[in-house]
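Okay, here's what each chain looks like letter by letter:
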Amino acid sequence: MMLDVSEPDTAGAPRFPRLRALLEPWVYLSPTLVLIGLFIFVPMAIGISYAFQNIQLLNPFDTGWVGLDNFRTMFDDRHFYAALRHTFNWTLTSLVLQFVLGLGLALLLNREFPGRRWVQALVFLPWAVPAFLSGLTWAWLLNPVIGILPYWLTDLHIIAEPYNILSDPQLALYGPVVANVWFGIPFFAITLLAALQSIPKDLYEAASMDGATGWQQFRKVTLPFLAPMIAITVMLRTIWIANFADLIVVMTDGGPANSTSILSSFIFTTAYRKLDFGYASAMAVFLLVLMTFYALVLLRIRQQLLK
């Protein structure tokens, strides 16, 4: 009996199976990657390059590469530091209030009660309103001529007499903050409600049988499950708030006396009113680096929470 020692037929098999397996997913993703590169990374690279150039539309003949001059001007500009300080105040105050109120609404909407679906619709409504319309509405509400809020604040003895707080350098920033909180609460309510509904009910039943109070259940069961979602939502919302110049521009335009100017609105004003795109790009690059560093820290924290 003779054994068949002929070589197997490999004519139809790929010559480099490992290479093909490695490249195949990237081939399928290539249309998306090309679009992302064309519409995100290419414009971003061009915008970053502007930070190292002198691009002033009012002085079109004085252009060219200036190296780090725009950044030196930025760090010598007192208006930049004021805008940076206002940005931290604006972002932190808006974020804390949005998160606390959004978490409270999510906990409320996670319970069954009559008319729950109607309440959900009303809670999510601000998220559907355009930012321009939202800012305009709140500016009217804070106007003592046509609005009612100054009179309510007077009746509550928060202010001495009805006046437009948007004209007060000490209080003007809190007008856009209130509008931003109203606008951003639904984001936290929606995402945290989805996370709450994914927590197994058996855990609450077991905790209740062990004698845990409502606060202990919230601290030992709810918060640990919500922590990864809280980290990612806080990261995203912080970046959005820091870059959200719409309400500032519509309600106060950075005034009075630059008391409400944040970095994103200052960048907008520098680029599209002063027409200094080089300096505006330098500030935008600084904001990009700041937000990237913040996002990396939050993602690191989220990885630790998932372990």
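Residues numbered from 1 in each chain as written. Predicted model: local features only at pLDDT ≥ 70, side-chain atom pairs only at ≥ 80, totals over all residues. Heavy atoms only, no water.

- Under an unreviewed UniProt entry, the name given to the protein chain is Sugar ABC transporter permease, and the organism recorded is Rahnella woolbedingensis.
- Check the Sequence similarities (unreviewed entry) section of the UniProt entry for the protein chain; it says "Belongs to the binding-protein-dependent transport system permease family." (UniProt positions renumbered as here; feature names shortened; annotations may be inferred.)

1. Let's talk about the UniProt feature "transmembrane region" (unreviewed entry) in the protein chain
At step 1: Under the present numbering, the feature "transmembrane region" (unreviewed entry) in UniProt falls on residues 26-52, 88-109, 121-141, 181-200, 221-242 and 277-299.
At step 2: For the annotated span residues 26-52, helix accounts for 93% and strand for 0% of the residues, and the straight-line distance between the end C-alpha atoms is 34 Å. (Helix = DSSP H or I, 4+ residues; strand = E, 2+ residues; numbered from the N terminus.)

2. With respect to the pattern of salt bridges
At step 1: Following the criterion strictly, the structure yields three salt bridges and no others.
At step 2: For Asp69, the salt bridge is made with Arg72, and the minimal N-O distance between the two is 2.7 Å. Here Arg72 and Asp69 lie together in helix H2 (residues 69-75), a separation of three residues that amounts to about one turn. (Salt bridge = Lys/Arg side-chain N within 4 Å of Asp/Glu carboxyl O.)

3. Comments concerning the nonpolar core
Considering soluble globular proteins, one finds that nonpolar side chains tend to be buried as a cluster.
At step 1: Grouped together as the largest cluster of nonpolar side chains are 40 residues, with contacts concentrated most on Trp90, Leu142, Phe188, Leu192, Leu226, Phe244 and Met251.
At step 2: If one sorts the elements of this core by residue count, helix H7 (residues 174-197) sits on top with 12 residues.
At step 3: Discounting residues that sit within four places of it in the chain, Phe188 has contacts with Leu95, Gln98, Phe99, Gly102, Leu193, Thr233, Val234 and Arg237.
At step 4: Listed in part, the 18 residues of the second largest apolar core include Phe71, Leu84, Phe266 and Ala282. (Core = buried A, V, L, I, M, F, W, Y, C linked by side-chain atoms within 4.5 Å. Buried < 20%, exposed > 50% of the residue type's maximum accessible area, 1.4 Å probe, protein only. Contact = heavy atoms within 4.5 Å.)

4. Quick word on the side chain of Asn180
At step 1: Among the secondary structure elements, Asn180 is positioned in helix H7.
At step 2: Using a relative accessible area of 0% as the deciding quantity, one classes Asn180 as buried.
At step 3: If sequence neighbours within four positions are ignored, Asn180 has contacts with Trp90, Ser94, Gln98, Arg237, Ile241, Phe244 and Leu247.

5. With respect to the UniProt feature "domain: ABC transmembrane type-1" (unreviewed entry) in the protein chain
At step 1: Taken from the UniProt record, the annotation "domain: ABC transmembrane type-1" (unreviewed entry) applies to residues 84-298.
At step 2: Across residues 84-298, the secondary structure splits into 73% helix and 0% strand, with the terminal C-alpha atoms separated by 20 Å.

6. As for the packing of helix H9 (residues 214-242) against helix H12 (residues 277-306)
At step 1: As a packed pair, H9 and H12 sit with axes 8 Å apart at the nearest point and diverge in direction by 175°. Here H9 is positioned roughly antiparallel relative to H12, judged by the angle of their axes. Side by side, H9 and H12 meet where Ala227, Pro228, Ala231, Ile232, Val234, Met235, Thr238, Ile239 and Ala242 of the first sit next to Leu287, Met291, Tyr294, Ala295, Leu298, Leu299, Arg302, Leu305 and Leu306 of the second.
At step 2: When the residues that make up the contact of H9 with H12 are grouped by side-chain class, the tally is 16 nonpolar, one polar and one charged. (Axes fitted to C-alpha atoms, helices over the stretch in contact; angles between N-to-C directions. Parallel < 35°, antiparallel > 145°, perpendicular 65-115°, else oblique. Nonpolar A, V, L, I, M, F, W, Y, C, P; charged D, E, K, R; others polar.)

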